[in-house]
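# Descriptive analysis of the structure
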Amino acid sequence: MEKKAKKNIIGNIGCITIFATITIIMWNSYREANYVEKNGVWTILTVTKTRGAPKGYNVEYTFQYNHRMYEDGTNMPLKKFINVNRFFMMVVPNEESRHLIFDAVPNWFTLEAPPEGWKTCPTEKEMRRMMEQDSIRRGLKEEVQRE
C-alpha cells in the first residue's frame with residue numbers, strides 16, 4: 001500500500017509540474033503578444049525561404065524598419081501560407097526582435113511599408129488609396145522625364 005501511495009504522489013507532482021510549466025509558457029506568450037500589440041507599429045515582412053515541416057512550413061523572412069533590414073524565421077501553418085509571400089506584422093520600435101506576424105498582404109498591394117511603419121494596419125480602402133496615389137506619383141514622374 002505504501003508503494004502505491006508513493007507512486008500516486010509522484011504522479012500527482014508530475015502532473016502539477018507539467019500543468020504549471022504549460023501555464024507559465026502560455027502566460028508569457030500572452031504577455032509578449034500584449035506588449036507587442038500595445039507598443040508596436042505595423043510593417044510588412046517578405047518570405048525569403050521555406051521548407052516543409054509537419055503541419056506547415058519553416059519560414060525565413062525579412063522586414064524593413066527605420067531603414068534597416070532584419071532577418072528572422074518561424075513556423076507557419078500550411079493554411080496561412082498558400083500563395084502568399086508577404087504578411088502584415090507588428091514590430092516594437094528599438095526592440096525589433098519583438099514582433100508578431102498577422103494576416104497576409106493582398107497580392108495586388110505591391111507597395112512597401114513606410115520606414116517608420118504604420119500606427120494601425122491599413123484597411124483595404126487605405127491600401128487602394130495608397131496604390132492610386134503611387135500610380136499618380138509615378139505617372140507624374142514619367143511625364144516630367146519625357147519633357
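Details of the structure are given in the entry above.
Residues numbered from 1 in each chain as written. Predicted model: local features only at pLDDT ≥ 70, side-chain atom pairs only at ≥ 80, totals over all residues. Heavy atoms only, no water.

## Comments concerning the packing of aromatic side chains
Put simply, the rule is: Aromatic rings from Phe, Tyr and Trp, with only the six-membered ring used for Trp, were paired whenever their centres fell within 6.5 Å, and each pair was classed as stacked if the ring planes differed by under 30 degrees, edge-to-face if by over 60, and tilted otherwise. Comment: the charge-over-ring label is applied if NZ (Lys) or CZ (Arg) is within 6 Å of the ring centre and within 35 degrees of the ring normal.
Under the defined criterion, the tally for this structure stands at four aromatic pairs. Cation over ring: R128 sits above W108, and NZ or CZ is 4.0 Å from the ring centre.

## Some details on the pairing of strand 1 (residues 41–53)
Which entries qualify depends on this criterion: Strand pairing requires that DSSP identify at least two bridges connecting the strands. In DSSP terms, a helix is any run of H or I states spanning at least four residues, a strand is any run of E spanning at least two, and both are numbered starting from the N terminus.
The sheet contact formed by strand 1 and strand 4 (residues 86–92) spans six bridges and is antiparallel. Within the sheet, the bridge partner assigned to V41 lies in strand 4 and is V91. Direction of pairing for strand 1 relative to strand 2 (residues 56–65): antiparallel, over a ladder of eight bridges. Across the sheet, G52 pairs through a bridge with Y57, a residue of strand 2. Between strand 1 and strand 2, which pair antiparallel and follow one another directly, the connecting turn spans two residues, one of which, K55, has a positive phi of 65 degrees.

## Regarding the pattern of salt bridges
Our working definition: By definition, a salt bridge exists where a carboxyl oxygen of Asp or Glu is found within 4 Å of a side-chain nitrogen of Lys or Arg. Per-residue accessibility, obtained with a 1.4 Å probe over protein chains only, is compared with the maximum for each type, and a residue is labelled buried under 20%, exposed over 50%, and partly exposed between these values.
Going through the model one piece at a time under the given rule, you end up with five salt bridges. As a salt-bridge pair, E124 and R128 come within 3.0 Å of each other at their nearest N and O atoms. Note that E124 and R128 are positioned in helix 3 (residues 124–146) at a spacing of four residues, about one turn of the helix. The exposure class of R128 is partly exposed, given its relative accessible area of 39%.

## Considering unusual backbone geometry
The bulk of non-glycine residues show a negative phi, and the bulk of peptide bonds are trans. Phi is positive for H67, close to 65 degrees, though the residue is something other than glycine. Residue placement: H67 occurs in the loop between strand 2 and strand 3 (68–77). One non-glycine residue, N94, adopts positive backbone phi at about 65 degrees. Within the element layout of this structure, N94 appears in the loop between strand 4 and strand 5 (95–104).

## Here we look at the side chain of E96
This is how the line gets drawn: In this charge count, Lys and Arg are treated as positive and Asp and Glu as negative; neither His nor the chain ends contribute. Note on contacts: a residue pair qualifies if any of its non-hydrogen atoms lie within 4.5 Å across the two residues.
In this fold, E96 is placed in strand 5. Within the buried core, E96 has no salt-bridge partner, and the shortest N-O distance to an opposite charge, that of R68, equals 5.4 Å. Ignoring any residue separated from it by four or fewer positions in sequence, one finds E96 in contact with F63, Y65, Y70 and V91.

## What about the sheet that holds strand 2?
Where we set the bar: Fitted lines through C-alpha atoms give the axes, limited to the stretch in contact for helices. The angle between two N-to-C directions lies from 0 to 180 degrees.
Within the open sheet, the five strands sit side by side as 3-2-1-4-5. Their pairing is antiparallel. Looking at which strands have only one partner, the edges of the open sheet turn out to be strand 3 and strand 5. Shown here is a sheet whose adjacent strand axes are inclined to one another by a mean of 35 degrees, direction ignored.

## Focus: the nonpolar core
Selection rule: By nonpolar core is meant a set of buried Ala, Val, Leu, Ile, Met, Phe, Trp, Tyr and Cys residues that side-chain atoms within 4.5 Å join together.
Ranked by size, the top nonpolar core spans 14 residues in total, and within it I44, F88, F109, W118 and M130 carry the most contacts. Elements that contribute at least two residues to this core include exactly strand 1, strand 4 and helix 3. Of all the elements, strand 4 adds the most residues to this core, at three residues. Sequence-distant contacts of M130, that is, excluding residues within four places in its chain, are made with F109, L111, W118 and P122.

What is shown is where atoms sit, not what they do.
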